[in-house]
Amino acid sequence: MMTLKTLCQFKYQTLLSQSAQQSAVSIAQTRGANVILLASALSALLLSGCQSTTTTDLIGNAPYQTSTRPSDNRNLDQQEIARVRTSLAAQYIRKNELDTAQRQLEKAFAADSRYAPAYDMMGILLQQEGSRLNLARADQYFKKAIALDKDFDQAHNNYGVYLSQMKRYKEAAEQFEIAGAALGYEGRIGALENLGRTYLQLNDHPAAAKAFLRALDGNRNSVIAHIELVDLLLEQQRVQQAQRLYDETLLLVQGQGISPRLLLQGIKLAAAQNNIATRQQLAQQLLSAYPLSDEAKQLKIWLNNPEAPWK
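Before going into details, it helps to say that this report is about the structure given with it. (Residues numbered from 1 in each chain as written. Predicted model: local features only at pLDDT ≥ 70, side-chain atom pairs only at ≥ 80, totals over all residues. Heavy atoms only, no water.)

Comments concerning the packing of helix 13 (residues 260-272) against helix 14 (residues 276-289)
Axis separation between helix 13 and helix 14 bottoms out at 8 Å; the angle between their running directions is 160°. With respect to helix 14, the element helix 13 is oriented roughly antiparallel. Relative to helix 14, the crossing made by helix 13 is left-handed. Contacts from Pro260, Leu263, Leu264, Gly266, Ile267, Ala270 and Ala271 in helix 13 reach Thr278, Arg279, Leu282, Ala283, Gln285 and Leu286 in helix 14. Looking at the contact of helix 13 with helix 14 residue by residue, the class counts come to nine nonpolar, three polar and one charged. (Axes fitted to C-alpha atoms, helices over the stretch in contact; angles between N-to-C directions. Helix = DSSP H or I, 4+ residues; strand = E, 2+ residues; numbered from the N terminus. Parallel < 35°, antiparallel > 145°, perpendicular 65-115°, else oblique. Left-handed = near helix turned anticlockwise from the far one by under 90°. Contact = heavy atoms within 4.5 Å. Nonpolar A, V, L, I, M, F, W, Y, C, P; charged D, E, K, R; others polar.)

Considerations on the packing of aromatic side chains
Overall, the coordinates contain six aromatic pairs when judged by the stated rule. Seen in terms of ring centroids, Tyr159 and Tyr162 are 6.0 Å apart; in terms of plane orientation they differ by 15°. Their pairing is stacked. Placement of both Tyr159 and Tyr162 in helix 7 (residues 153-165) is noted, with a separation of three residues, approximately one turn of the helix. Judged on exposure class, the residue Tyr159 and its partner Tyr162 are both buried. Through successive ring pairs, a cluster of aromatic residues spans Phe109, Tyr119 and Tyr141. (Phe/Tyr/Trp six-rings, centres within 6.5 Å; stacked < 30°, edge-to-face > 60°. Buried < 20%, exposed > 50% of the residue type's maximum accessible area, 1.4 Å probe, protein only.)

Things to note about the nonpolar core
Of all hydrophobic cores here, the largest spans 65 residues; its most connected members are Leu105 and Leu125. Contact partners of Leu105, with chain neighbours within four places excluded, come to Thr86, Ala89, Ala118, Met121, Met122 and Leu125. Counting residues in hydrophobic clusters, the runner-up holds nine residues, among them Leu264, Ile267, Leu286 and Ala296. (Core = buried A, V, L, I, M, F, W, Y, C linked by side-chain atoms within 4.5 Å.)

Details of the environment of Met122
Tracing the backbone shows Met122 in helix 5 (residues 116-129). Taking the C-alpha atoms as reference, Met122 lies 9.2 Å from Glu106; in sequence the two are 16 residues apart. Once you skip the residues sitting within four places of it in the chain, Met122 turns out to touch Gln102, Leu105, Phe109 and Tyr141.

The structure is reproduced here in structure tokens:
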């Protein structure tokens, strides 16, 4: 079961999104199935003749329409091979089989050295491996993907995630702005959520609030935007608006369990409205269910000095 803590991490719109699971090759769950799938895909290419070909960025999101000029048939076939290899690499990355994933991407580069999603996926792979050397190399792969296709919205978002991990927040915000402004991009709401969190890191709370409101405009069910905006509204002492958003959030997370962050928000709201019974109930729940959480520590500090502002 996904927790709210998991939801509040920066999002990849490639490996971790639901749309990734809709890839033409994502049904292959084992290495043996992958081999069969790849063989089928490559065999189909040999029979494709002069048919038009649609490829997808990464593993099934924004479509790339390829040329259908007869003289370019070999190039189209090579791009389709690169697409299949990149899709298989994505599966191996999800299973943390990074060496196998890299071999698939090397074959993708060999088939089509200008296939942007393969460079984006290599950046993700190197970032996931996480060593200092590979983190440095990842930067160049993300830049190459964007250089090859400036309209590759997922690459902008994924590069932003990388830049945030490297604490290069201003650069990250620029990438998230591009992805968040791309109407029609399936990952646009996630990019706006990422943008808001990045502005929080930059301590630019008005810009963060604007990004989260844009996310809500696009998807009223954005749990991340709800949670972040509750805190921002509480900072501004706009208690009634914060309470309405908080109530909406509780409806959205029904059945998932309530996180320590949501419990602490409820305590703050109850305290601001002098609702002693609710405050005590939620405080007991937080201290009992999550005694070692940062939120429980904040609550204990506040209980010892109720006149002090929340930290």
